[in-house]
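Residues per chain, in single letters:
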Amino acid sequence: GIASFLGKQRFGERGLHGEDVGEVVRDAFGKVDALLEGRFKAAKKAGELAKGADAGALAQLVSSTMHELAMYARAGSKRAALEQRAALALKLVGA
């Protein structure tokens, strides 16, 4: 997951500052998107998704939803509200 990607980055003794933080986060998000896209492509190949499904777009939707849910959870949203957002995303993905 994203935590393992961030954990493997070069933080140095003084930590990350300025542009380094953005670079690490963008890199981690890109890796998550790529992993999700690969899974959606495998699902298409296995017949679990429609042949016309856009694996890249689905990966971006799921990735965005994960980050959105994390922000809402951190802001103190109720579990039921988080589950409602997750259910909507699953419906859009077709799961």
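Please refer to the structure placed before this passage.
Here the residue numbering is sequential within each chain, running from 1 through the sequence in written order. The predicted origin of the model limits local features to residues at a pLDDT of at least 70 and limits the giving and counting of side-chain atom pairs to 80 or more, whereas totals for whole chains, interfaces and linings rest on all residues. Side-chain metrics rest on all non-hydrogen atoms present in the structure, leaving aside hydrogens and water.

Q: Which parts of the structure should I look at to understand the overall build of the chain?
A: Per the secondary structure count, the chain includes four helices and zero strands. Of the regular secondary structure in the chain, the N- to C-terminal order runs α-α-α-α. When a residue's accessible area, from a 1.4 Å probe over protein chains only, is under 20% of the maximum for its type it is buried; when over 50% it is exposed; and in between it is partly exposed. When each of the 95 residues of the chain is scored for burial, the buried share is 21%. Sequence-distant contacts in the chain: of pairs separated by 6 or more residues, those separated by 24 or more amount to 41%. Summed over its atoms, the accessible surface of the chain is roughly 7000 Å², and 58% of this surface lies on carbon and sulfur atoms. Working definition: helices are DSSP H or I runs of at least four residues, strands are E runs of at least two. Numbering for both runs from the N terminus. The contact rule is simple, with two residues in contact once any of their heavy atoms fall within 4.5 Å. To measure how exposed things are, a 1.4 Å probe is used in the Shrake-Rupley method; for residues, cover is taken only from the protein chains shown.

Q: I'm lost on the packing of aromatic side chains in this one. Help?
A: For any pair of aromatic rings, geometry is given as the distance between the ring centres together with the angle between the planes. Any two rings among Phe, Tyr and Trp, with Trp reduced to its six-membered ring, count as a pair given centres within 6.5 Å; such a pair is stacked if its planes are under 30 degrees apart, edge-to-face if over 60, and tilted if neither. Under the defined criterion, the tally for this structure stands at zero aromatic pairs. By definition here, charges over rings are those cases where NZ of Lys or CZ of Arg is within 6 Å of the ring centre and within 35 degrees of the ring normal. Here Arg85 stacks its cationic end above the ring of Tyr72, 3.9 Å away from the centre of that ring.

Q: How should the pattern of salt bridges be read in this particular structure?
A: Any two side chains of opposite charge can pair, on the condition that their charged atoms come close. The salt bridge definition used is simple: a Lys or Arg side-chain nitrogen within 4 Å of an Asp or Glu carboxyl oxygen. Evaluated as defined, the whole model comprises five salt bridges. Lys41 serves as the salt-bridge partner of Glu37, at 3.5 Å between the closest nitrogen and oxygen. Of this pair, Glu37 and Lys41 are both found in helix α2 (residues 19–45), four residues apart, which corresponds to roughly one turn of the helix. We classify Glu37 as partly exposed; its relative accessible area is 28%.

Q: Explain a nonpolar patch on the surface to me, please; I cannot follow it from the model alone.
A: A surface patch of nonpolar side chains, about 190 Å² in accessible area, is lined by Val21, Val25 and Phe29. Residue Val21 is classed as partly exposed on the basis of its relative accessible area, which comes to 37%. Surface patches are defined over residues having more than 30% relative accessible area and no salt bridge, joining like charges when they lie within 9 Å and nonpolar side chains (Val, Leu, Ile, Met, Phe, Trp, Tyr) when within 5 Å.

Q: I keep staring at the side chain of Ser63 and nothing clicks. Help me out?
A: Along the chain, the position of Ser63 falls in helix α3 (residues 55–74). At a separation of 2.6 Å, a polar atom in the side chain of Ser63 contacts the side chain of Asp33. By the criterion applied in these results, polar contacts are pairs of N or O atoms within 3.5 Å in which, for protein atoms, one can donate a hydrogen and the other can accept it, and in which residues neighboring in sequence qualify only through two side-chain atoms.

Q: Would you explain the nonpolar core in this entry?
A: The nonpolar side chains of a soluble globular protein tend to be buried with one another. Residue types Ala, Val, Leu, Ile, Met, Phe, Trp, Tyr and Cys, when buried and joined through side-chain atoms within 4.5 Å, form a set referred to as a nonpolar core. Within the largest apolar cluster, ten residues are counted, these being Val32, Leu36, Phe40, Ala43, Leu49, Ala53, Ala55, Leu58, Ala59 and Val93. Counting residues per element, the ones that place at least two in this core are α2 and α3. At four residues, α2 tops the list of elements feeding residues into this core. Non-local contacts of Phe40, meaning those with residues more than four positions away in its chain, are made with Leu49, Ala55, Leu58, Ala59, Val62 and Val93.

Q: I tried to follow helix α4 (residues 79–93) on my own but got confused; where do I start?
A: An α-helical turn contains 3.6 residues, so any two residues separated by three or four positions project in the same direction. Over its 15 residues, α4 runs 21 Å from end to end, which matches the ideal 21 Å to within 8%, given 1.5 Å per residue. Buried residues of α4: Leu82, Ala89 and Val93, and no others. For α4, the buried positions fall inside an angular range of 40° around the axis, keeping them on one side. With respect to the buried face of α4, the exposed residues turned more than 90 degrees away are Ala80, Gln84 and Lys91. Immediately downstream of α4, the backbone of Gly94 shows phi near 95°, a positive value. The span you would expect from a helix comes to 1.5 Å times its residue count less one. Along the arc lie the directions from the helix axis toward the C-beta atoms.

Q: Hey, could you run me through α3 in this one?
A: With 20 residues, α3 should cover 28 Å at 1.5 Å per step; its first-to-last C-alpha distance of 29 Å lies within 8% of that length. Every buried residue belonging to α3 is among Ala55, Gly56, Leu58, Ala59, Ser63, Thr65 and Leu69, and all of these are buried. Of the residues flanking the end of α3, it is Gly76, one or two places downstream, whose phi is positive at about 95°.

This is a description of form; function is not addressed.
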